[in-house]
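Here are the chains, one letter per residue:
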Amino acid sequence: MDSSLFFGLSSIAYILAMICYIAYLVFRTQTIGLIATIITVFGFVSHTLAFSLRWKEFADIGGMGFMRAVPLTNLYESLIFFVWCIILGYLIIEWKYKNRSFGAFITPIAGMIMAFIDVSGISKDIHPLIPALQSNWLLAHVTMSFLAYAGFAISFATAIMYLALSADEKQRASWPYLFWTISFGLFSAILIAMAFDFISFKIIGRGAESFIKNYLFKASFRNASGVIVALSYAALAAFVFLVWRFGYVVKRAISAFSLDADTLDELTYKCIAIGFPVFTLGGLIFGAIWADQAWGRYWSWDPKETWSLITWFVYAFFLHARHMRGWRGDKIAAVAVIGFISTIFTYLGVNLLLSGLHSYGGL
Amino acid sequence: MLKETDVAENSSQKLSIVDRIWSGLASIKLAVIVFALISLTSIVGTLLEQKGDPEKNLKVVAKFVGTSAAPKAFALLDGLGFTDMYHAWWFIGLLYLFAANIIVCSLERLPNVWKLVRQPIQALSQDRIATMPFRREIMVKGNGDETIAAVESALRKEGFRAVRAESDGVVQFFAEQGRYSRLGVYMTHLSIIIIFVGAIVGMKYGFNAHLNLLEGTTSAVAYFGEGKEIPLGFELRCDDFNVDFYNKSDTPKSFKSRLTVLENGQPVLINGKETHEIEVNRPLRYKGVTFYQSSYGFAPNRDSLFKFLMTGKNGKNEASSLKFGESFTIPGTSVMGTVADFSPAIAVDESNRLFTYAESMNNPAVFVEFSEQGKLKYRQWILKRVPETWVLPDGTVEFQDLWGAQYTGLQVRKDPGVGIVYAGCFIMALGLYIAFFMSHARIWIILRGERGNARLIITGSSSKNRIAFEGKIERLAQALSAKDSA
Ligand code: HEM
């Protein structure tokens, strides 16, 4: 049996689950909700199985110890693990808060990422690990980092939803409204731009290996033609403007999830309160121990490390602002959004735009 | 007279300056500013390559400010130290400010928290009971020892060991959990300072150097910067270096060096062994100096030895080490082999010609001429990684290694602060666990007899996670009222 079968099954499951969750929001029947949950759990189990199989394939090919062969060495694998983490996080929230509405938000993201991996043809090849990456500390480091990233991703979603719900859409010049529409607009626009890359990249049909380094935003912001670059920026501005102008449409969609603002505020905090210690231990401490063992330096200020530290500061700021200054609501949600932007940059941006010691993401 | 008032005024002014600095250092506002400054300047530091090529950095700057303004902007950034900013005085200064901020801020609050932590829970006064923000009242049948036992066992079930106090016919139970968890935050803050101290100790008393050591050679020094020597205090010999590859590919699976530590020319036993194999992620430590496998290289010379394992038709085998141009004999025959050519990484091109595709020993091969009684018999390329090429008409000749031609690249580090940093990390992990996943919970239950029955007031407070705590009190109330109906 090979892992891609089960990855396929779980992608389908997440997309079906998305339909069910949306149907559940519309019809509000318990049966549909239950079906949605069952499908998600099914997808999750299949996903887990697929991940374990890939792990085994990796171990067999590399001929290394099982514990060394964690399949988290390139973008493909790390995205898959990231989806696994957010689904896990979501299932815990559904179970704890007895609220399914959020599923209509998370499963599309999961389904989209899985489909995106499939369509884009990001390299699925198994590459054996070069020596520096054969470390149990690295294993713990990468796994826990992604768990934390998933927590931060959920906090980002809840923070945006919070802002969308609480900001007054009649006051388009107020900062919370501006903030959420612009950050949400930019975030979606970048995802769309990436989708364009993948489509045009598919059409060009070049090798998948160097996609991220050489192709990202090549269909838009980094195109060879100045006209297309100008158009892309214009489209970006127009898109953000539309989100800003018609924010109430998004708000209405979000209200359909019937999550009240207090729950969202608390979820944002909870996810960060779990993500922060996990990130500190896994992302910073284990990363430092690994670097110490492999390179003889626990901290060398390379861009990836520095960005992790910046992210850490932003979330430390979040916690202190909330605890000591009593920040709640709009202000604290905005900090959570900034934290996740920094997280994404740590995860992707550094590999895409800056150089460093780390291999993954280099595909 | 005048002078005295002057002095008094001066000292009060001085005091107020000290006070102002102190309260500035204790403020969260400063923390916000320092967080922001460290983060924002670090962003610039990740954009510019640190200690990098000025040309490259100039190009980066040009992307932001345009080509015409770039030289000036770059000169400004360079002047401000942004091209090596993590060692710039102002960045180090920011880090010290950050440390001072945490220390002062924690010291400000610690005495109060310490008092709280030292003081066990006490009975509540009547006034306090009335003003507790969260309370539940229930009636329980009976007012005897069984009721008291029931309350105590219900508390025990929730993990609380209760103390009982009685006055004026009112019984009060009180219990707490995790009093010390209030220190978690301070442990976290302390850990940051400990890590700082460790880093400073490392910078002051340690070094970071490198050493390229050819197989078979010995060194008593390592090098840093542009070739400055650092004495190790002992000698290190590289006995062997080897790279393993994944199957047929050129992806290295591991690089291994075999090292021996020597004192006064004599090998030293470490963990009972004389030679030590190190690889990436598995360094060797001796007398506070750690050797990390970091790179390797190829530098063949006249003294490099070709190592062969020859097996004759009769199954006898024999090993041989020889220099370029020397000969060996296949056991049981009079066939002599002489090394005539060598390639560190051999490959075949489209027109079937051999060529060398890499500068390191990725796929080493020797070209051996075999002769019998002075007459050339046959010639063959023998590849280290391809056993089929070892087979000859008169037996097999395995090409094992070209020894003394590769050097191992070692990172040599002495860092007496690393233990402190690790201790700090450990305390940080523990502190965060306590700060986020533990809380100080206090419960009071006041029991008043009313006509043979008991009225219970359950109240309490928690330093964290109020909702879960209130759920706990709710459970307690339910457990106790269930008792009475049973
Ligand atoms: C990046 C460095 C820092 C880290 C990782 C850190 C960590 C923490 C954590 C985990 C908490 C508990 C928050 C919670 O329970 O949600 C906390 C609380 C606190 N921190 Fe920090 N901190 C840092 C820097 C600072 C600085 C610079 C100050 C000084 C102004 C400070 C002052 C405080 C105070 C006053 C509290 C509240 C204590 C209490 O609740 O009794 N922290 N810190």
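Here the residue index of a chain counts from 1 through its sequence in written order. All chains are assigned letters beginning at A, and all ligands numbers beginning at 1, according to the order in which they are written. With the structure being a predicted model, the display of local features is reserved for residues of pLDDT at least 70 and the display and counting of side-chain atom pairs for 80 or more, all residues being used for whole-chain, interface and lining totals. Working from all heavy atoms in the structure, the side-chain values ignore hydrogens and water.

## Side note on the overall build of chain A
Thought 1: Where helices and strands are cited, they refer to DSSP runs of H or I of at least four residues and of E of at least two residues respectively, numbered from the N terminus. The helix and strand tally for chain A stands at twelve helices and zero strands.
Thought 2: In sequence order, chain A lays out its α and β elements as α-α-α-α-α-α-α-α-α-α-α-α.
Thought 3: Counting all 363 residues of chain A, 58% fall into the buried class.
Thought 4: Note on areas: Shrake-Rupley, 1.4 Å probe, and residue coverage restricted to the protein chains presented here. For chain A, the exposed area adds up to about 15000 Å²; of that, 71% sits on carbon and sulfur atoms. Burial classes: relative accessible area under 20% of the type maximum marks a residue as buried, over 50% as exposed, and values in between as partly exposed (1.4 Å probe, protein chains only).

## Here we look at the side chain of A:Asp265
Residues and elements named next belong to chain A.
Thought 1: Along the chain, Asp 265 falls in helix α10 (residues 261-295).
Thought 2: Taking the relative accessible area as the measure of exposure, Asp 265 reaches 11% and is therefore buried.
Thought 3: Polar contacts involving the side chain of Asp 265 include one to the side chain of Arg 322, which spans 3.4 Å.
Thought 4: Beyond its immediate sequence surroundings of up to four residues, Asp 265 is in contact with Tyr 162, Arg 322, Arg 328, Gly 329 and Ile 332. Each polar contact in these results corresponds to two N or O atoms within 3.5 Å; when the atoms are within protein, one needs to be able to donate a hydrogen and the other to accept it, and residues that are neighboring in sequence are counted only if both atoms are side-chain atoms. By definition in these notes, contact holds between two residues if any of their heavy atoms fall within 4.5 Å.

## Focus on the interface of chain B and chain A
Thought 1: Contact with chain B, which involves 45 residues of that partner, is made by 43 residues of chain A.
Thought 2: Carbon and sulfur atoms supply 69% of the area buried between chain B and chain A, which totals about 3800 Å² over both sides.
Thought 3: Note on definitions: salt bridges are taken to be side-chain nitrogens of Lys or Arg within 4 Å of carboxyl oxygens of Asp or Glu. Scanning the region where chain B abuts chain A turns up one salt bridge.
Thought 4: Notably, a salt bridge pairs B:Arg413 with A:Asp292, separated by 2.8 Å at the nearest N-O pair.
Thought 5: Inspection of the chain B/chain A interface yields five residue pairs in polar contact (both at pLDDT 80 or more).
Thought 6: Looking at the side of chain B that touches chain A, the elements with two or more residues in it are α2 (28-47), α5 (89-118), α8 (184-205), β7 (252-263), β11 (289-298), β22 (406-414) and α9 (418-437) of chain B.
Thought 7: Its residues placed into classes, the side of chain B that touches chain A shows 28 nonpolar, twelve polar and five charged. Put simply, buried area is how much 1.4 Å-probe accessible surface two parts lose in total, over both of them, once they are put together. Residue polarity is assigned by list, with Asp, Glu, Lys and Arg as charged and Ala, Val, Leu, Ile, Met, Phe, Trp, Tyr, Cys and Pro as nonpolar; anything else, Gly included, falls into the polar class.

## A closer look at the site of the ligand
Thought 1: Around the ligand lies a shell of 27 residues, among which A:His320, A:His323, A:Met324, B:Cys105 and B:His189 are the nearest.
Thought 2: Being near a molecule or strand, for a residue, comes down to having at least one heavy atom within 4 Å of it. At the site occupied by the ligand, nearby residues are drawn from chains A and B.
Thought 3: A distance of 2.6 Å is found between a nitrogen atom of the ligand and a side-chain nitrogen or oxygen belonging to A:His320.
Thought 4: Contacts to the ligand include B:His189, whose side-chain N or O atom sits 2.7 Å from a nitrogen atom.
Thought 5: Examining the composition of the shell around the ligand, we find that seven residues originate from one element, helix α11 (residues 303-324) of chain A, more than from any other.
Thought 6: Within the shell around the ligand, the residues separate by chemical class into 19 nonpolar, six polar and two charged.

## What to know about the sheet that holds strand β24 (residues 453-462) of chain B
Residues and elements named next belong to chain B.
Thought 1: A pair of strands is labelled paired if DSSP reports no fewer than 2 bridges between them. Read from one edge of the open sheet, five strands run β1-β24-β23-β3-β2, paired in antiparallel fashion. In this open sheet, the two edge strands, each paired with only one partner strand, are β1 (135-140) and β2 (163-167). This sheet shows a mean twist of 20° between the axes of neighbouring strands, independent of strand direction.
Thought 2: With five bridges connecting them, β2 and strand β3 (residues 170-177) associate as antiparallel partners. Axis geometry follows a simple rule: fit a line to the C-alpha atoms, using only the stretch in contact for helices, then measure angles between N-to-C directions, giving values from 0 to 180 degrees.

## Section: the sheet that holds strand β14 (residues 327-329) of chain B
The strands that make up a sheet are held in pairs by hydrogen bonds between backbone atoms, and each pair lies either parallel or antiparallel.
All names here are of chain B.
Thought 1: Spatially, the four strands line up as an open sheet ordered β14-β15-β18-β19, and their pairing is antiparallel. Sheet topology places β14 and β19 (375-383) at the edges, where each strand pairs with a single neighbour. Averaged over all pairs of adjacent strands, the angle between strand axes in this sheet comes to 30°, irrespective of strand direction.
Thought 2: Here eight bridges tie strand β15 (residues 335-343) to strand β18 (residues 365-372), and the two strands are oriented antiparallel to one another. Looking at the pairing, Met 336 lines up with Ser 371 of β18.

## Digging into the packing of α11(A) against α2(B)
Thought 1: Here α11(A) crosses α2(B) at 160°, and the two axes come no closer than 10 Å. Comparing their axes, α2(B) and α11(A) come out roughly antiparallel. Remark: the crossing between α11(A) and α2(B) carries left-handed chirality. In this structure, α11(A) uses A:Pro303, A:Thr306, A:Trp307, A:Ile310, A:Phe313, A:Ala316, A:Phe317, A:His320 and A:Met324 to contact α2(B), whose residues at the interface are B:Ile28, B:Val32, B:Phe35, B:Ile38, B:Ser39, B:Ser42, B:Ile43 and B:Thr46.
Thought 2: Class assignment of the residues belonging to the contact of α11(A) with α2(B) gives a composition of twelve nonpolar, five polar and no charged. Roughly parallel refers to an angle under 35 degrees, roughly antiparallel to one over 145, roughly perpendicular to one between 65 and 115, and oblique to any angle outside these ranges. Crossings are assigned a handedness: left-handed for a near helix turned anticlockwise from the far helix by less than a right angle, right-handed for a clockwise turn.

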